[in-house]
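Survey of secondary and tertiary structure
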Amino acid sequence: MDQVEAEIVCGQCGHKVKKPVSWLVDNAEYVCSMCGQGEDLSTPEWKAKIQSYIDACNDFEV
Ligand SMILES: [Zn+2]
């Protein structure tokens, strides 16, 4: 699942960055490289989003 990337959009400045799904699983927070705003990746909303990416990865492997 390293090949699959998720797009994170900064809630403060709108800066977009792509991170591998495996990175999202290992990190609870993303800090924007543009403005320094922290994005909490441990929220239920993010958990669901990350899980949907993981599910998509599993679909590819079948
Ligand atoms: Zn930002």
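Residues numbered from 1 in each chain as written. Predicted model: local features only at pLDDT ≥ 70, side-chain atom pairs only at ≥ 80, totals over all residues.

1. What about the overall build of the protein?
This is how the line gets drawn: Going along the chain from the N terminus, every DSSP run of H or I of four or more residues is numbered as a helix, and every run of E of two or more is numbered as a strand. Three exposure classes are used, based on other C-beta atoms lying within 10 Å of a residue's own C-beta, which is placed from the backbone: buried for 20 or more, exposed for 12 or fewer, and partly exposed in between. In this description, a residue-residue contact is defined by the distance between C-beta atoms placed from the backbone, which must lie within 7 Å.
In terms of helices and strands, the protein carries 2 helices and 4 strands. When the elements of the protein are put in sequence order from the N terminus, they spell out β-β-α-β-β-α. With the principal axes as the frame, the protein shows a C-alpha extent of 40 × 20 × 15 Å. Going through the 62 residues of the protein one by one, you find that 5% of them count as buried. Restricting to contacts in the protein with at least 6 residues of sequence separation, those with at least 24 account for 34%.

2. Some thoughts on the confidence of the model for the protein
Parts of the prediction with low pLDDT should not have their coordinates interpreted in detail. This is how it is decided: pLDDT expresses, on a scale from 0 to 100, how confident the predictor is about each individual residue.
Mean pLDDT over the protein: 90, with 92% of residues reaching 70 or higher. Mean pLDDT values over the elements of the protein span from 87, in helix 2 (residues 44-61), up to 95, in strand 3 (residues 29-31).

3. Remarks on the environment of V4
Here V4 shows up in the segment before strand 1 (5-9). For V4, a count of 14 C-beta atoms within 10 Å puts it in the partly exposed group. The sequence separation of V4 and V21 amounts to 17 residues, and the corresponding C-alpha distance is 6.0 Å. When sequence neighbours within four positions are dropped, the list of residues in contact with V4 reads P20, V21, Y53, A56 and C57.

4. Focus on the environment of I54
By the secondary structure assignment, I54 is in helix 2. The exposure class of I54 is partly exposed, given the 17 C-beta atoms found within 10 Å.

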